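Understanding the architecture of this molecule
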Amino acid sequence: QVLLVESGGGLVQAGGSLRISCAASGRTFSFSSLDMGWFRQAPGKEREFVAAGRWSNGRTKYANSVKGRFTISRDNAKNTVYLQMNSLKPDDTATYYCAAARGRLILGSSPNEYDYWGQGTQVTVSS
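The structure reproduced in this document is the subject of the present report.

Analysis parameters
Residues numbered from 1 in each chain as written. Predicted model: local features only at pLDDT ≥ 70, side-chain atom pairs only at ≥ 80, totals over all residues. Heavy atoms only, no water. Phe/Tyr/Trp six-rings, centres within 6.5 Å; stacked < 30°, edge-to-face > 60°. Helix = DSSP H or I, 4+ residues; strand = E, 2+ residues; numbered from the N terminus. Lys NZ or Arg CZ within 6 Å of the ring centre and 35° of its normal. Buried < 20%, exposed > 50% of the residue type's maximum accessible area, 1.4 Å probe, protein only. Pairing = 2+ DSSP bridges. Disulfide = S-S within 2.5 Å. Salt bridge = Lys/Arg side-chain N within 4 Å of Asp/Glu carboxyl O.

Side note on the packing of aromatic side chains
Taken as a whole and judged by the stated rule, the model has four aromatic pairs. Ring geometry for Phe 39 and Phe 49: centres 5.7 Å apart, planes at 75 degrees, overall edge-to-face. Of this pair, Phe 39 sits in strand β4 (residues 35–41) while Phe 49 sits in strand β5 (residues 48–53); the two residues are ten residues apart in sequence, bridging distant segments of the chain. Among the aromatic residues, those joined into a cluster by ring pairs are Phe 39, Phe 49, Tyr 114 and Trp 117. The side chain of Arg 19 reaches across the aromatic face of Tyr 82, ending 4.2 Å from its centre. The ring of Trp 117 is capped by Arg 47, whose NZ or CZ atom sits 5.1 Å from the centre of that ring.

Written out as structure tokens, the structure reads:
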């Protein structure tokens, strides 16, 4: 069992930056064996893919809407994955969820690839 807890959300003005975190815990897993991803969901909309990282080769993948602005990273020593968000836009407003996959991610953008999900952290970007 893997527990994911997001933090770091808040209110940011358009053009600003924010870094959200996802801490993983569980005594029967190895964080380094997990591939991680970020999704977000705005009110009335489906949960959409944001970013993913594959630990085995370090490759990352981003949704077109955030490419060049967001960066996913991880610190295995802290069992934590991060999402650095720069040049934030009002359209980025959503609840952000981190997710973990036991198996190696192939697409990364598919929710079906992930086994564990966090509770979400709210990010609000004002204009």
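Let's talk about the pairing of strand β9 (residues 94–101)
When you tally the buried positions in β9, you get eight out of eight residues, the bulk of the element. With seven bridges connecting them, β4 and β9 associate as antiparallel partners. Bridge assignment links Met 36 to a residue of β9, and that residue is Ala 100. Sheet analysis places β9 next to strand β11 (residues 121–126), joined by three bridges and oriented antiparallel. Bridge pairing in β11 links Tyr 96 to Thr 121. In this sheet, strand β10 (residues 116–117) lies alongside β9 in antiparallel orientation, the contact comprising two bridges. Paired with Ala 99 across the two strands is Trp 117, which belongs to β10.

Comments concerning the state of the cysteines
Inspection of every chain in the model, using the stated rule, returns one disulfide. Paired by a disulfide, Cys 22 and Cys 98 hold their sulfur atoms 1.9 Å apart. Residues Cys 22 and Cys 98 share a disulfide whose torsion about the S-S bond is about 50 degrees; that sign makes it right-handed. You can see Cys 22 sitting in strand β3 (residues 18–25) and its partner Cys 98 sitting in strand β9, a full 76 residues away along the chain. Of the two residues examined, Cys 22 and Cys 98, each falls in the buried class.

Details of the pattern of salt bridges
What the rule picks out here adds up to three salt bridges. When salt bridges with common partners are traced through the structure, they connect Arg 40, Glu 48, Arg 69 and Asp 92 into a single cluster.

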